[in-house]
Amino acid sequence: MPQFDPSSFPSQFFWLAITIVALYFVMTRMAIPRLANVLEQRQKLIDDDLEQAEKLKAETEAAIAAYEAALAEARAKAHEEIKAVTEAAAKVAEAKNAEVIERVAKQIKDGENRIAKSRDEALSHVREVAVSVATDMVTKLVGLSLDDAKVGDAVTASMKD
Amino acid sequence: MAEELVPALEESVFDLHPPMHQFEVRSIVPIEIGGVDVSFTNSALLMCIAVGLAGLFFWFATAHRSVVPGRLQSVAELMYEFIANMIRDNVGTAGMKYFPYIFTLFVFVFVGNMLGMLPYSFTFTSHIAVTAALAVVIFITVTIIGFARHGTHYFGMFFPHGAPLLTAPLLIPIELISYLSRPFSLSVRLFANMTVGHIMLKVLAGFVILMGVAGVVPFAVVLGITVLEFFIAALQAYVFTILTCIYLNDAINMH
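Basis of the calculations
Residues numbered from 1 in each chain as written. Chains lettered and ligands numbered in written order. Predicted model: local features only at pLDDT ≥ 70, side-chain atom pairs only at ≥ 80, totals over all residues. Heavy atoms only, no water. Helix = DSSP H or I, 4+ residues; strand = E, 2+ residues; numbered from the N terminus. Rg over C-alpha atoms; globule rule 2.2 N^0.38 Å. Buried < 20%, exposed > 50% of the residue type's maximum accessible area, 1.4 Å probe, protein only. Areas by Shrake-Rupley, 256 points an atom, 1.4 Å probe, with all protein chains shown as cover. Lys, Arg positive; Asp, Glu negative; His and termini not counted. Charge placed at Lys NZ, Arg CZ, Asp CG, Glu CD. Patch = residues over 30% accessible without salt bridge, like charges linked within 9 Å, V, L, I, M, F, W, Y side chains within 5 Å. Salt bridge = Lys/Arg side-chain N within 4 Å of Asp/Glu carboxyl O. Axes fitted to C-alpha atoms, helices over the stretch in contact; angles between N-to-C directions. Contact = heavy atoms within 4.5 Å. Nonpolar A, V, L, I, M, F, W, Y, C, P; charged D, E, K, R; others polar. Buried area = accessible area lost by both parts, 1.4 Å probe. Polar contact = N/O pair within 3.5 Å; in protein donor to acceptor, adjacent residues only side chain to side chain. Expected span 1.5 Å × (residues − 1). pLDDT = per-residue confidence, 0-100.

What chain A contains, in helices and strands, is two helices and zero strands. What you see for chain A is a C-alpha radius of gyration of 62 Å, clearly larger than the 15 Å of a compact globule of 161 residues, by over 25%. Projecting the C-alpha coordinates of chain A onto the three principal axes gives extents of approximately 190 × 35 × 25 Å. The buried share of chain A, reckoned over its 161 residues, is 16%. For chain A, the computed accessible surface area is about 12,400 Å², with 62% contributed by carbon and sulfur atoms. Put simply, chain A has 21 plus and 27 minus side-chain charges, and the middle of one group is 3 Å from the middle of the other.

Printed below as a string of structure tokens:
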């Protein structure tokens, strides 16, 4: 096997040393710094982006919180206003109601008074009518002319029964 | 006539392309320093190509350094992250300062294994001299790191904590041998995997010509094994690197 021929060993060692040292310099001077630089930059970019995203997320959350607070406040305010308006409306309605009731009651009372007055008036005329009717009846049926006073007494007496 | 032809052909095929021929180190530019032959060989050429190719690849891959990577940049980043994660998982953050060495090692072995898969090229990782040199340097470095970090406590590596003292005569030699055999297992694993795979491909490819029409069978096998060899080339680079990480972990954190 040519591998075990020691005559080629010095040359192999020599060139191995030269080439691997050369490769070491190529790697440490060029390849590794460049690659490390790229990877570092990418990592930095990713970190920055993540940080930015985190910041934006926090901002979004703050905005959502503010929106929710505003919404809750608006809702509370609306409730209050509705309540106030409802109360005011109820008050007005009550007042109007009371006024109407009062007016109606007055009208009823007036009506009742008028009815009572009319009735009294009518009742006070009943005797006169009865006397007149009785007088007229006697005159027509019997042909007598009666004294109004006498008829009046008789009517009064019969009305008392 | 036909019976005579087959052995003749067999001989000629393997004479023309002997399976071991691909491992021969041939001098391209003869160089001698202080009486030692350090000729620029095909092995050295492939090592230089590996370094050049790796350099060009990383140069173009990271030319734009874009935040959203292109194809080449993705591959380069994948390799970087792969080794970085390997060290983080196996050694911990304390091992990250050795990242450039481990990364260089991985790239060198990986590109070497892959270049070896090209027809007519040479696999420098299929030579025990190369793998052993890497393994011995790794072994010595790791041992130095171990002693530098833990001082004489590093000898505790050879005697597990809490084991009864009576077992020391048995345990210490076992642990010592297992520790000292690390460079052997590390170098032989890579060298053997690369060598055997390439011999197998060569022999099977020889059968394709020998068997004529029936050669489609070994041809299909060669096709499959070629895929397997690409996989092994990547896997062995990974294994070589992760074992280095494990040895480094022992030196930094001890077990």
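On to a negative patch on the surface, then. Residue and element names in this part refer to chain A. Together, Asp47, Asp48, Asp49, Glu51, Glu54 and Glu61 line one region of the surface with negative charge. Turning to its location among the elements, Asp47 is positioned in helix 1 (residues 9-141). Accessibility expressed as a relative area gives 38% for Asp47, which makes it partly exposed.

Below, the discussion takes up the packing of helix 6 (residues 168-180) of chain B against helix 7 (residues 182-210) of chain B. Residue and element names in this part refer to chain B. At a minimum axis separation of 4 Å, helix 6 and helix 7 run at an interaxial angle of 35 degrees. Residues Ser178, Tyr179 and Leu180 of helix 6 pack against Arg182, Pro183 and Phe184 of helix 7. Taken together, the residues of the contact of helix 6 with helix 7 break down into four nonpolar, one polar and one charged.

This brings us to unusual backbone geometry. Residue and element names in this part refer to chain B. In this structure, Arg65 takes a positive phi of about 50 degrees despite not being glycine. Tracing the backbone shows Arg65 in the loop between helix 2 (42-61) and helix 3 (71-90). Its relative accessible area of 31% is what places Arg65 among the partly exposed residues. Although it is not a glycine, Tyr120 sits at a positive phi angle of roughly 70 degrees. Structurally, the position occupied by Tyr120 is in the loop between helix 4 (99-115) and helix 5 (128-150). The class of Tyr120 is exposed, set by a relative accessible area of 82%.

Now for the interface of chain B and chain A. On the side of chain A, 33 residues touch chain B, which itself brings 48 residues to the contact. The largest contributions to the chain B side of the interface with chain A come from B:Arg65, B:Tyr80 and B:Thr104, which together make up 16% of the buried area. Remark: the boundary between chain B and chain A carries one salt bridge. Viewed at the interface, chain A and chain B are joined by 12 residue pairs in polar contact (both at pLDDT 80 or more). Contributing elements (two or more residues each) for the side of chain B that touches chain A: strand 3 (36-37), strand 4 (40-41), helix 2, helix 3, helix 4, helix 5 and helix 7 of chain B. Among the elements that line the side of chain B that touches chain A, the one with the most residues is helix 2 of chain B, at nine residues. For the side of chain B that touches chain A, the class distribution of residues is 32 nonpolar, 11 polar and five charged.

This part is about the side chain of B:Glu77. Mapped onto the fold, B:Glu77 is located in helix 3. According to the relative accessible area criterion, B:Glu77 is buried, its value standing at 6%. Polar contacts involving the side chain of B:Glu77 include one to the side chain of A:Arg42, which spans 2.8 Å. Non-local contacts of B:Glu77, meaning those with residues more than four positions away in its chain, are made with A:Leu35, A:Val38, A:Leu39, A:Arg42 and B:Pro69.

All names here are of chain B. With respect to the helices and strands, the residue Ile242 is situated in helix 8 (residues 216-253). On a C-alpha basis, the gap between Ile242 and Phe106 in space is 9.2 Å, while along the polypeptide they are 136 residues apart. Those residues within four positions of Ile242 in sequence are excluded, and the remaining contacts are Met86 and Asn90.

Another aspect to go through is helix 5 of chain B. When the terminal C-alpha atoms of helix 5 of chain B are compared, their 32 Å separation across 23 residues agrees well with the 33 Å that a helix rising 1.5 Å per residue should span. Taken from the residues just after helix 5 of chain B, B:Gly151 is the one with a positive phi, measuring 60 degrees.

Residues and elements named next belong to chain B. Looking at chain B as a whole, the pLDDT averages 90, with 93% of positions reaching at least 70. Put simply, helix 1 (residues 2-16) is where chain B has its lowest mean pLDDT, 55, and helix 4 is where it has its highest, 96. Considering only residues more than four positions removed or in separate chains, one finds that residues 1-5, a stretch of pLDDT under 50, has zero contacts.

What follows concerns the environment of B:Leu180. Residues and elements named next belong to chain B. Following the sequence through the fold, Leu180 ends up in helix 6. We classify Leu180 as partly exposed; its relative accessible area is 44%. For Leu180 and Phe139, which are 41 residues apart along the polypeptide, the C-alpha to C-alpha distance reads 8.6 Å.

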